[in-house]
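# Geometric and topological summary
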Amino acid sequence: MAVRPIRFVPDPVLRQKAKKVTSIDSSIQRLVDDMIETMRAVSGVGLAAPQVGVPLRVAVIEIPGGEVIVLINPEVIKREGERVVEEACLSVPGYRGEIKRSAWVKVKARDRHGRNVRLKGEELLAQALEHEIDHLDGTLYIDRVESPDKLQKLVSEPSQEEL
Ligand code: CO
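Summary of the structure given here. Computed from a prediction, not measured in an experiment: that's the story for all the values here.

### Observations regarding helix H1 (residues 26-41)
For H1, built from 16 residues, the straight-helix expectation of 22 Å at 1.5 Å per residue is met to within 8% by its first-to-last C-alpha distance of 22 Å. Within H1, the full set of buried residues consists of Ile 28, Leu 31, Val 32, Asp 34, Met 35, Ile 36, Thr 38 and Met 39. Buried residues belonging to H1 abut strand E1 (46-48), strand E2 (58-61) and strand E3 (69-80). With its phi angle positive at about 55°, Ser 43 sits one or two positions after the end of H1.

And the structure:
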């Protein structure tokens, strides 16, 4: 396993629509292991493959106190409600913003063994699922900030969970 360098805005890989994984082979296993190690090394709660320069539909999430979730080709299949959240992204260092996210989401994906999984999440997990799947479509949370005053430059270390 290895920690891979994080890509920051305006790296074009962050704006690409990532490609579906067609075969969960050893290179995907290595990518997943490296992404988990990288996410932990930077104390993130989620990481999408484009953030380490790989334009494939792979993401990992680890909510504090929860298990690692590996998502291959994830899709949101249902979302409900709305809540205002503070959000920050490892690829947009030094900022946080106020945006709207779903209160609840249901996602389908494959796990690292290729099994079909269904996952429901609320609160931070719903936020992380939407944030990481956004990354796979080349969307960043800053695109969802409704007005410039809702994007804040941080003067100290981030207190926000970074995704
Ligand atoms: Co992010």
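### Notes on the coordination of the cobalt ion
All of the protein donors around the cobalt ion are Cys 89 (SG), His 131 (NE2), His 135 (NE2) and Leu 163 (O); their distances to the metal are 2.1 to 2.3 Å. Metal-centred angles of 95 to 145° between the four donor atoms at the cobalt ion mark the site as irregular.

### Side note on the sheet that holds strand E4 (residues 83-87)
An order of E4-E5-E8 is seen for the three strands of this open sheet, with the pairing classed as antiparallel. Each end of this open sheet is capped by a strand with a single partner; those strands are E4 and strand E8 (151-153). Averaged over all pairs of adjacent strands, the angle between strand axes in this sheet comes to 20°, irrespective of strand direction. Pairing between E4 and strand E5 (residues 95-101): five bridges, direction antiparallel. Counterpart to Glu 87 in the pairing with E5 is Gly 97. Where helix H2 (residues 123-136) meets the sheet, it contacts E4 and E5, and its direction lies at approximately 70° from that of E4.

### Side note on the pairing of strand E6 (residues 104-110)
The side chains of a regular strand alternate between both faces of the sheet. Residues Val 105, Val 107 and Ala 109 of E6 are buried on one face, while the alternating residues Trp 104, Lys 106, Lys 108 and Arg 110, pointing to the opposite face, are not. As paired strands, E3 and E6 are joined by six bridges and run antiparallel to one another. Bridge assignment links Val 76 to a residue of E6, and that residue is Val 107.

### What about the side chain of Glu 87?
You can see Glu 87 is positioned in strand E4. In this structure the side chain of Glu 87 is engaged in a polar contact, spanning 2.9 Å, whose partner is the side chain of Gln 127. With residues up to four places along the chain from it excluded, the contact list for Glu 87 reads Arg 96, Gly 97, Ile 99, Arg 101, Gln 127, His 131, Tyr 141, Gln 160 and Leu 163.

### Some points on a positive patch on the surface
Residues Lys 20, Lys 108, Arg 110 and Arg 118 make up a contiguous surface patch of positive charge. Relative to the helices and strands, Arg 110 is located in strand E6. With relative accessibility at 35%, the residue Arg 110 sits in the partly exposed group.

Reading the values: rules and limits
Residues numbered from 1 in each chain as written. Predicted model: local features only at pLDDT ≥ 70, side-chain atom pairs only at ≥ 80, totals over all residues. Heavy atoms only, no water. Helix = DSSP H or I, 4+ residues; strand = E, 2+ residues; numbered from the N terminus. Expected span 1.5 Å × (residues − 1). Buried < 20%, exposed > 50% of the residue type's maximum accessible area, 1.4 Å probe, protein only. Contact = heavy atoms within 4.5 Å. Donors = N, O, S within 2.8 Å, 3.2 Å for Na, K, Ca; no water. Tetrahedral: all angles 85-135°; square planar, octahedral: opposite > 155°, others 65-115°. Pairing = 2+ DSSP bridges. Axes fitted to C-alpha atoms, helices over the stretch in contact; angles between N-to-C directions. Polar contact = N/O pair within 3.5 Å; in protein donor to acceptor, adjacent residues only side chain to side chain. Patch = residues over 30% accessible without salt bridge, like charges linked within 9 Å, V, L, I, M, F, W, Y side chains within 5 Å. Areas by Shrake-Rupley, 256 points an atom, 1.4 Å probe, with all protein chains shown as cover. Salt bridge = Lys/Arg side-chain N within 4 Å of Asp/Glu carboxyl O. Lys, Arg positive; Asp, Glu negative; His and termini not counted. Charge placed at Lys NZ, Arg CZ, Asp CG, Glu CD.

Everything listed here is a matter of geometry and, on its own, says nothing about what the molecule does.
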